[in-house]
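# Fold and geometry: a report
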Amino acid sequence: MAGLLQALVGASEKAAHIARLCRREEPLFQLLVAEKTGADRNRRFLQDFKTLADVLIQEVIKHDLGKEFPELRGHIHGEESNEFKNGQGETVAVRVCATPGDTATLLLSVLEPERAAAELLAAAVHRDVALEDVELAGVALSIPPQDLAIWIDPIDSTNEYISRREDVAPVDGIAPAGLCSALVLVGAYDRQTGCPVLGVINEPFFRRDPLTRRWQGRYHWGVAYGDTRLCSLSPPPLRPAPCVVLSRAEGGAVRAALGPLCGDRLRFAAGAGYKMLCVILGLADSYVLSEGSTFAWDACAPHAILRALGGGVVALAGALQERRAGDTGSPPELVYNRPVEGAVGAERWANRGGLVAYAHPRHLEAVLAAL
């Protein structure tokens with residue numbers, strides 16, 4: 001599993017490079033922002049370029065992990081379909097080909113006539129990634145990869161990724177919006193139990209180099225398997241009263257219920273992955289979402305890291321139902337191998353009934369009591 005952990009981190013680093021490339025190189029950036037210009041948007045593509053960026057990152061991760069661990073093939077899942085229709089109405093399945101030239105040709109069949117963009121992307125897809133992480137290299141674990149499956153969110157918070165809000169001032173360390181909330185999420189879960197066991201969160205846009213003005217990234221990882229708890233981060237400190245981060249769209253009833261508990265420590269941010277990262281980093285103590293608007297690919301990687309730190313992610317509706325029935329035991333955690341019965345498409349993997357992500361069980365209990 002140590003090899004798999006390094007492979008997940010390596011795949012996330014390549015994905016982060018592609019995400020930065022799409023914003024840095026002019027031929028790619030113009031395609032990306034063209035999707036946000038209303039009546040002036042680029043209408044030569046039947047499907048938008050931001051989705052192609054998502055899909056390409058997803059397929060790169062699937063390719064690289066499947067190549068190194070054949071037993072994972074067929075068990076690496078993502079948010080996006082890899083099929084596109086090009087300007088001629090032909091269906092093109094985006095994938096990683098044997099050579100950079102072949103991949104560029106395939107991408108050009110979607111991006112025609114943007115040859116420079118196709119070649120830039122193909123070169124990034126076939127780029128070797130070298131990890132120089134002594135701590136990561138020293139991790140020794142034992143779990144058969146064939147027991148695991150993978151959820152990928154190639155670019156979480158896509159709207160922030162394609163927006164021009166690059167340097168949004170944080171509030172107590174939490175950015176309310178902006179490019180920093182666009183993350184690459186890769187999580188592994190046990191195929192039988194659905195329990196998340198390994199997670200990688202990559203921040204492609206962590207900070208700018210003050211000289212080059214180019215974005216630099218960083219990553220975090222965690223392992224929670226059996227009695228093993230390992231993480232690249234230390235557990236955040238336990239504060240007397242919790243700071244809770246919410247979506248701007250969160251309902252008034254939830255805000256009102258949490259107000260007496262949190263006082264002036266309610267914060268707002270974009271992106272489910274980013275809000276869970278805020279809990280992981282100790283910038284917030286809990287993330288509450290009352291709607292079923294997140295999915296397995298959003299939560300799997302952060303959930304694994306939170307478990308490694310002693311926290312977790314619970315199903316909010318189920319937890320409240322148990323509390324109202326007088327059950328004071330551990331509330332139900334999210335699992336990642338059970339599609340929603342009767343649902344179709346992406347809704348099969350929705351986290352119905354909302355969620356609460358937490359770093360300390362004491363704060364979870366306080367939030368559930370308030371709600």
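Residues numbered from 1 in each chain as written. Predicted model: local features only at pLDDT ≥ 70, side-chain atom pairs only at ≥ 80, totals over all residues. Heavy atoms only, no water.

### Observations concerning the sheet that holds strand β8 (residues 228–231)
Strand order in the open sheet formed by six strands is β1-β4-β5-β6-β7-β8, and the pairing between neighbours is mixed. In this open sheet, the two strands that pair with only one neighbour each are β1 (76–78) and β8. The mean inter-strand angle of the sheet, taken between neighbouring strand axes irrespective of direction, is 15 degrees. Inspection of the sheet shows strand β5 (residues 183–190) paired to strand β6 (residues 196–208) by six bridges, in the antiparallel sense. Note on β6: the bridge partner recorded for A188 is L198. Sitting on the sheet, helix α10 (residues 296–308) is in contact with β1, β4 (148–156), β5, β6, β7 (215–225) and β8, with an inclination near 100 degrees to β6. (Pairing = 2+ DSSP bridges. Helix = DSSP H or I, 4+ residues; strand = E, 2+ residues; numbered from the N terminus. Axes fitted to C-alpha atoms, helices over the stretch in contact; angles between N-to-C directions. Contact = heavy atoms within 4.5 Å.)

### Details of the UniProt feature "binding site: Mg(2+)" (unreviewed entry) in the protein chain
UniProt's feature table lists "binding site: Mg(2+)" (unreviewed entry) at E79, D153, I155, D156 and D298, given in the numbering used throughout. On the basis of their most widely separated C-alpha atoms, the annotated residues across 220 residues gather in one place, lying no more than 9.8 Å apart. Relative to the helices and strands, D156 is located in strand β4. When its relative accessible area of 5% is taken as the criterion, D156 is described as buried. (UniProt positions renumbered as here; feature names shortened; annotations may be inferred. Buried < 20%, exposed > 50% of the residue type's maximum accessible area, 1.4 Å probe, protein only.)

### A closer look at the packing of aromatic side chains
Tallied over the entire structure, the rule returns five aromatic pairs. Ring geometry for F205 versus W215: centroids 5.9 Å apart, planes at 85 degrees, classification edge-to-face. Here W215 lies in strand β7 and F205 lies in strand β6, a separation of 10 residues in the sequence. No difference in accessibility class separates F205 from W215, as the two residues are buried. Aromatic rings pair up to connect W151, F295, W297 and W349 into one cluster. (Phe/Tyr/Trp six-rings, centres within 6.5 Å; stacked < 30°, edge-to-face > 60°.)

### Observations regarding the pattern of salt bridges
A pair can form between side chains of opposite charge whenever their charged atoms are brought close. In this structure the tally under the stated criterion is 14 salt bridges. Residue R165 is joined to E160 by a salt bridge in which the shortest nitrogen-to-oxygen separation is 2.7 Å. By relative accessible area, which is 42% here, R165 ends up partly exposed. Assessed through its relative accessible area of 8%, E160 is described here as buried. Linking R323 and E365 is a salt bridge whose minimum nitrogen-to-oxygen distance equals 2.7 Å. Of this pair, R323 sits in helix α11 (residues 316–324) while E365 sits in helix α12 (residues 361–370); the two residues are 42 residues apart in sequence, bridging distant segments of the chain. Its relative accessible area of 34% is what places E365 among the partly exposed residues. A cluster of three or more residues bridged by salt bridges with shared partners is formed by R23, E166, D167, R208 and R213. (Salt bridge = Lys/Arg side-chain N within 4 Å of Asp/Glu carboxyl O.)

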